[in-house]
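Coordinates in review
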Amino acid sequence: KELTRKQLQDVCSALELCLSEAIQLALNPAQPQNDEEQAAIEAQLDEALKVMRAVAILANDILHTCHSNPPETLQSIATLLHDHCILALEDLPEVQDPVVKLCCSWWELKAPGRENYVPQSLPYLLVRANTSGRAMDVKACYTMREGFTMLDFEDPCIEDIKRLLLQSAMHPAFLHKPEGRKFVACIFGMDISLVSDLTAVIKNQIPSGRKSALDAYGEIIFRAWKDSVGSATQFEIENTCILFLMQAALVAASPPLNAALRQVLNGLHSQKRVAGVDAMLLRLYRPILFRALTAANAAVRRNSLLVLLDAFPLRDPDTDAEEQDELMTQQFAALSECMADECPLVRAAAVAGAAQVLNNYWEIIPAAATAT
C-alpha cells in the first residue's frame with residue numbers, strides 16, 4: 001500500500017531530522033580525551049555514516065514514487081546530502097555513491113530544483129569514472145551531460161572540472177565505450193573555450209594512439225560537429241580542430257604520423273552521406289589541399305595525395321552540374337600530375353590511387369577527364 005502525501009511528508013521530516021544530526025556528528029566530531037572516548041566517537045561516526053547512506057537510499061526510493069512532485073522536505077534532504085555528503089566526505093564511496101545516485105535521479109526525473117544538485121555531483125562523477133573506468137560510471141557521466149552546460153566555465157573555480165573533462169577525453173574507458181565517446185563529443189559543446197583545449201588533447205594523443213583510439217577521435221569529432229550545426233561552436237570546431245588535423249596531415253613529418261592523422265580524418269570522410277559533410281570538407285580542403293599537391297617537398301606532395309584519395313571525391317552537392325564537373329576535373333588533373341611526379345613514392349601512390357578511383361567512381365568521372 002502506498003503512503004499518502006501526508007505520510008510521505010512525515011517520513012521525510014523524520015529523515016531530515018536524523019540526517020541533520022548525523023551530518024553534525026560526522027562533520028564536527030568531539031575531541032577524545034582518552035582511548036575509551038576515541039572508540040566511542042569512532043562508533044558514533046560509523047553510525048552517522050550509516051544513517052547518511054540509509055537516508056540517501058530511502059530518499060531516492062521516495063523520489064521515484066513522487067516523480068516530478070516531491071515533498072519540500074525531500075528537497076531539503078537532497079540539499080543537505082548534496083552540500084555535506086559528497087565533496088565534504090573524503091573517500092567514503094559507501095555514502096557518496098548513494099548520495100550522487102539521488103542527485104542523478106533528481107536530474108533525470110526533471111524534479112524541481114534539479115540544477116541545485118549538480119555542482120558537487122558532477123565533479124564526483126568525473127573523478128569516479130576516471131578512477132574506476134567502469135562502464136556504469138562512464139554511462140553516468142553521459143546521462144548527466146546536460147548538467148555540465150549549466151556550469152559557468154568563465155569562473156576561475158571551474159578549472160578543476162575542466163581538467164577532469166580533458167582527462168576524460170584521453171581516458172581509454174571513455175574512448176572504448178559508446179557512451180564515453182558520446183560524452184567526450186558533448187564536451188565540445190559545453191563551452192566554446194573547450195574546443196581548443198580538446199584539440200590540444202587529441203593532437204598529443206595521435207602520434208602514439210592505437211587504431212581504436214584514432215577511430216574513436218574521428219567519431220567524436222564528427223559527432224561534435226554534427227551536434228553543433230549552425231552554431232558558433234561548429235565554426236570553432238571546423239576552424240580550430242578539423243582544419244588543424246587537415247593541415248597537420250598534409251605536412252606530417254613521417255608516413256606513420258600522416259597515416260594516424262588520416263585515420264582520425266576518416267571519421268569525417270566516412271560520413272559523406274550525412275547532410276553538410278561534403279560541403280564542409282570541400283570548404284576546408286580547397287584552400288590548402290591543391291596547393292600542397294604542388295609543394296616543393298615530395299613528402300608533402302605524397303601526404304596530400306593520400307589525403308585527396310581518402311576524401312575523394314571532394315564536391316558540394318548544392319552546386320550546379322557544371323561547377324561539380326570542373327571540380328572533378330581539377331581533382332583528376334591533380335591525380336594525373338602525381339602519376340608523372342619526379343618522386344617514385346608519389347608516383348606509386350598515385351598509380352594505386354588512380355586504379356582505386358577508376359574502379360569505384362567510373363560512372364561519375366567527367367568526360368573531359370577521360371578524354372585526356
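Scoring rules and cut-offs
Residues numbered from 1 in each chain as written. Predicted model: local features only at pLDDT ≥ 70, side-chain atom pairs only at ≥ 80, totals over all residues. Heavy atoms only, no water. Helix = DSSP H or I, 4+ residues; strand = E, 2+ residues; numbered from the N terminus. Rg over C-alpha atoms; globule rule 2.2 N^0.38 Å. Buried < 20%, exposed > 50% of the residue type's maximum accessible area, 1.4 Å probe, protein only. Contact = heavy atoms within 4.5 Å. Areas by Shrake-Rupley, 256 points an atom, 1.4 Å probe, with all protein chains shown as cover. Patch = residues over 30% accessible without salt bridge, like charges linked within 9 Å, V, L, I, M, F, W, Y side chains within 5 Å. Salt bridge = Lys/Arg side-chain N within 4 Å of Asp/Glu carboxyl O. Lys, Arg positive; Asp, Glu negative; His and termini not counted. Charge placed at Lys NZ, Arg CZ, Asp CG, Glu CD. Core = buried A, V, L, I, M, F, W, Y, C linked by side-chain atoms within 4.5 Å. Axes fitted to C-alpha atoms, helices over the stretch in contact; angles between N-to-C directions. Left-handed = near helix turned anticlockwise from the far one by under 90°. Nonpolar A, V, L, I, M, F, W, Y, C, P; charged D, E, K, R; others polar. Parallel < 35°, antiparallel > 145°, perpendicular 65-115°, else oblique. Phe/Tyr/Trp six-rings, centres within 6.5 Å; stacked < 30°, edge-to-face > 60°. Lys NZ or Arg CZ within 6 Å of the ring centre and 35° of its normal. Expected span 1.5 Å × (residues − 1). Polar contact = N/O pair within 3.5 Å; in protein donor to acceptor, adjacent residues only side chain to side chain.

Across its full length, the protein carries 19 helices and 0 strands. For 372 residues, the compact-globule formula gives about 21 Å, and the C-alpha radius of gyration of the protein, at 28 Å, lies well above that figure. Along the first, second and third principal axes, the C-alpha set of the protein runs to 95 × 45 × 35 Å. Within the protein, the fraction of its 372 residues that count as buried is 47%. Contacts in the protein between residues far apart in sequence, at least 24 positions, make up 68% of those at least 6 positions apart. Just so you have it, the protein exposes about 18,600 Å², and 52% of that area is on carbon and sulfur atoms.

A separate point is a negative patch on the surface. Residues Asp320, Glu322, Glu323, Asp325 and Glu326 make up a contiguous surface patch of negative charge. By the secondary structure assignment, Asp320 is in the loop between helix 16 (298-311) and helix 17 (321-339).

In the structure shown here, the tally under the stated rule is 14 salt bridges. Put simply, Glu219 and Arg181 hold a salt bridge, and the shortest N to O gap is 2.9 Å. Of this pair, Glu219 sits in helix 12 (residues 211-227) while Arg181 is found in helix 10 (residues 178-190), placing the two residues 38 residues apart along the sequence. The exposure class assigned to Glu219 is partly exposed, which follows from its relative accessible area of 27%. By relative accessible area, Arg181 is classed as buried at 16%. Linking Asp278 and Arg315 is a salt bridge whose minimum nitrogen-to-oxygen distance equals 3.6 Å. Here the residue Asp278 occupies a position in helix 15 (residues 277-292), and Arg315 occupies one in the loop between helix 16 and helix 17, the gap between them amounting to 37 residues.

By the secondary structure assignment, Lys139 is in helix 6 (residues 135-143). The spacing of Lys139 and Ala129 is 10 residues in sequence and 8.8 Å in space, taken between C-alpha atoms.

Within soluble globular proteins, side chains that are nonpolar tend to cluster in buried spots. Membership of the largest hydrophobic core comes to 127 residues, with the highest contact counts inside it found for Met52, Leu165 and Phe183. It is helix 15 that contributes the most residues to this core, 10 residues altogether. Every residue in contact with Met52, bar those within four places of it in the chain, is listed here: Leu19, Ala22, Ile23, Ala26, Leu81, Cys85, Leu89 and Val95.

Turning our attention to the packing of helix 5 (residues 121-132) against helix 8 (residues 159-168). One way to put it is that helix 5 packs onto helix 8 with a least axis distance of 10 Å and a crossing angle of 35°. Judged by the twist between their axes, the crossing of helix 5 over helix 8 is left-handed. Where helix 5 abuts helix 8, its residues Pro123, Leu126, Val127 and Asn130 lie against Ile161, Leu164, Leu165, Gln167 and Ser168. Of the residues that constitute the contact of helix 5 with helix 8, the class distribution is 6 nonpolar, 3 polar and no charged.

Of the consecutive residues Phe312 and Pro313, the connecting peptide bond is found in the cis state with omega at -5°. Counting through the fold element by element, Pro313 comes out in the loop between helix 16 and helix 17. You will see that Lys110, though not glycine, has its phi angle at about 55°, which is positive. Residue position: Lys110 is located in the loop between helix 4 (93-108) and helix 5.

Attention now goes to the packing of helix 15 against helix 17. Where helix 15 contacts helix 17, the two axes come as close as 13 Å, and the packing angle between them is 40°. Between helix 15 and helix 17, the angle falls in the class oblique. As helix 15 packs across helix 17, the resulting crossing turns out to be left-handed. Each of Leu282, Arg286 and Phe290 in helix 15 lies in contact with helix 17, whose residues at this interface are Glu323, Leu327, Gln330 and Gln331. Split into classes, the residues belonging to the contact of helix 15 with helix 17 amount to 3 nonpolar, 2 polar and 2 charged.

On to the packing of aromatic side chains. This model, assessed by the stated rule, comprises 5 aromatic pairs. Aromatic pair Phe312 and Phe332: ring centres 5.5 Å apart, planes at 80°, arrangement edge-to-face. Of this pair, Phe312 sits in the loop between helix 16 and helix 17 while Phe332 sits in helix 17, placing them 20 residues apart in sequence. Like Phe312, the residue Phe332 is buried in the burial classification. An aromatic cluster of at least three residues, connected via ring pairs, comprises Phe148, Phe174 and Phe183. Taking NZ or CZ as reference, Arg114 lies 3.7 Å from the ring centre of Trp107, over its face.

Let us look at helix 3 (residues 72-84). If you check helix 3, its first and last C-alpha atoms are 18 Å apart, about what 13 residues at 1.5 Å a residue would give, namely 18 Å. Residues of helix 3 that are buried include every one of Thr73, Leu74, Ile77, Ala78, Leu80, Leu81 and His82, and no others. Check the buried side of helix 3 and you find it contacts helix 1 (5-27), helix 2 (35-66), helix 4 and helix 5.

Let us now look at the side chain of Gln120. As for its placement among the helices and strands, Gln120 is situated in the loop between helix 4 and helix 5. At 3.4 Å, the side chain of Gln120 and the backbone nitrogen of Leu87 are in polar contact. With residues up to four places along the chain from it excluded, the contact list for Gln120 reads His82, Asp83, Ile86 and Leu87.

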